[in-house]
Amino acid sequence: MNDAMKKVALTIGKFDGFHLGHQTLLSDIVRLAEEQEMTPKILKLVTSDGGIFDASEIDEFLKESYPSIEEVRYITFTPEFARLSPEEFVSQILVGEMNVGYVAVGVDFRFGKDRAGDTETLKQLGTKYGFQVNVIDKLRIEERIVSSSLIREKLTEGDMKSAEMYLGRPYSIMGKVESGKQLGQTLGYPTVNTKLDDSKILPRFGVYSSVVRIFDGNEWHNYRGITNIGKRPSIDDGDKATVESFIYDFNDDIYGFNVIIVPEVFIRDERRFSGLDELTQQIAKDIEYASSLTHQ
């Protein structure tokens, strides 16, 4: 069958982070699409409160874990979109624009003006417009419902192990290496400064033992180091958070390279030091402690 004529197996949601609960929906549309010769796609509703993963990280995740899902359509809550009734949303977007044959959603899915539509509404409209609907229950791990709000809570605490458990993969920060103030070089600890997406949700500010993945144009290479996430109160007291990583035994020029920072273990909070000497001494202690973690 011509791909343009294929019906679409679709899942809809905010998908902030594509955690394990979201992945039950992704796995469902991939399975159904293969069984019924449909094309699996995602309709992602974009909100203004930032995300656990940004668009580039989502693309990388889908490429690695769900390669058959080749399209993510992003919809922003414009005034025009917010005015669509539940049936207008289904008839104009799902049927008219996306040619759905199957829709998988979570039990709390709401849609249309004033969130008037629910899963029962979607099933009724599916019968009217000729597509299947599958409503999937929430996933629980250790008696807790897996949700984006729960993962944000764990990130705020610096509890990276729990965040990883609910995400189904380590939390990470993806971006390009940019030039910083070169202070790390001056102190003897040159750092990789990662350019951030403004909407990115960051974990608890402080120092982490981390993995730094560097893309050389062909493949990713993994290195160990420490990463400082925060506003560097001893240096510039700025309003904008930064992500800086010192990589052990590494001195290559990687400006402009894509990197993925994986903060694994929270070591300490950010704090203001009396001067650069005290800061340098603390960095040495952080490196010694973080290095010991990799040998435990």
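Below is a summary of the structure that appears in this document.

Definitions and cut-offs
Residues numbered from 1 in each chain as written. Predicted model: local features only at pLDDT ≥ 70, side-chain atom pairs only at ≥ 80, totals over all residues. Heavy atoms only, no water. Helix = DSSP H or I, 4+ residues; strand = E, 2+ residues; numbered from the N terminus. Buried < 20%, exposed > 50% of the residue type's maximum accessible area, 1.4 Å probe, protein only. Contact = heavy atoms within 4.5 Å. Areas by Shrake-Rupley, 256 points an atom, 1.4 Å probe, with all protein chains shown as cover. Arc of directions from axis to C-beta. Expected span 1.5 Å × (residues − 1). Pairing = 2+ DSSP bridges. Right-handed = clockwise from strand over helix to strand, strands pointing away. Axes fitted to C-alpha atoms, helices over the stretch in contact; angles between N-to-C directions.

1. Quick look at the overall build of the chain
- Each helix and strand counted, the chain has nine helices and 13 strands in total.
- In terms of overall dimensions, the chain has a C-alpha envelope of 70 × 40 × 40 Å along the principal axes.
- For the chain, buried positions account for 48% of its 296 residues.
- For the chain, the proportion of contacts with a sequence separation of at least 24, taken over those separated by at least 6, is 71%.
- With the model as given, the accessible surface of the chain reaches about 15,200 Å², and the carbon-plus-sulfur share is 47%.

2. What about the environment of Ile145?
- The topology assignment puts Ile145 in strand S7 (residues 144-145).
- Residue class for Ile145 comes out partly exposed when judged on its relative accessible area of 33%.
- With sequence-adjacent residues up to four places away left out, Ile145 is seen in contact with Lys138, Leu139, Arg140 and Leu150.

3. Quick notes on the environment of Leu25
- Inspection of the secondary structure assignment puts Leu25 in helix H1 (residues 20-36).
- Since its relative accessible area comes to 7%, Leu25 is described here as buried.
- Once residues lying within four places of it in the same chain are set aside, the contact partners of Leu25 are Thr11, Phe15, Ala104, Val105, Gly106 and Ile136.

4. Some words on helix H5 (residues 119-129)
- Inspection of H5 places Thr119, Leu122, Leu125 and Gly126 among the buried residues, and these make up the whole buried set. Viewed along the axis of H5, the buried residues span an arc of 120°, placing them on a single side of the element. Facing away from the buried side of H5 by over 90 degrees, the exposed positions are Gln124, Thr127 and Lys128.
- Buried-residue contacts for H5 involve helix H4 (86-97), strand S4 (100-106) and strand S5 (132-136).

5. Considerations on unusual backbone geometry
- Although it is not a glycine, Asn99 sits at a positive phi angle of roughly 55°.
- In this fold, Asn99 is placed in the loop between H4 and S4.
- The backbone phi angle of Glu142 is positive, close to 50°, even though this residue is not glycine.
- As for its position among the elements, Glu142 is in the loop between strand S6 (140-141) and S7.
- According to the relative accessible area criterion, Glu142 is exposed, its value standing at 61%.

6. Digging into helix H9 (residues 276-293)
- Given a rise of 1.5 Å per residue, 18 residues ought to cover 26 Å, and the 26 Å separating the end C-alpha atoms of H9 matches this to within 8%.
- What H9 keeps buried is the set Leu279, Gln282, Ile283, Asp286, Ile287, Ala290 and Leu293. Buried residues of H9, viewed axially, fall in a sector of 145°; they line one side. For H9, the exposed residues lying more than 90 degrees away from the buried face are Asp277, Gln281, Lys285 and Glu288.

7. As for the pairing of strand S2 (residues 39-46)
- Across the eight residues of S2, six count as buried, placing the element largely inside the fold.
- In this sheet, S2 lies alongside strand S1 (residues 8-13) in parallel orientation, the contact comprising six bridges. By the bridge assignment, Leu10 is partnered in S2 with Lys41.
- With H1 bridging S1 and its parallel neighbour S2, the resulting β-α-β unit is right-handed.
- Here S2 runs beside strand S3 (residues 71-76); their pairing, made up of six bridges, is parallel.

8. Here's the deal with the sheet that holds strand S8 (residues 173-178)
- Here six strands make up a closed barrel; going around it, the order is S8-S9-S12-S11-S10-S13 and the pairing antiparallel. Taking the axes of each pair of neighbouring strands and ignoring which way they run, one obtains an average angle of 45° across the sheet.
- Pairing of strand S10 (residues 206-215) with strand S13 (residues 258-268) involves nine bridges; the strand directions are antiparallel. Counted as the bridge partner of Val207 is Arg268 from S13.
- On top of the sheet, helix H2 (residues 55-65) reaches S8, S10 and strand S11 (220-230); it is set at about 120° to S8, its chief contact.
- Seen against the sheet, H9 touches S10, S11, strand S12 (242-247) and S13 and runs at an angle of roughly 95° to S13.

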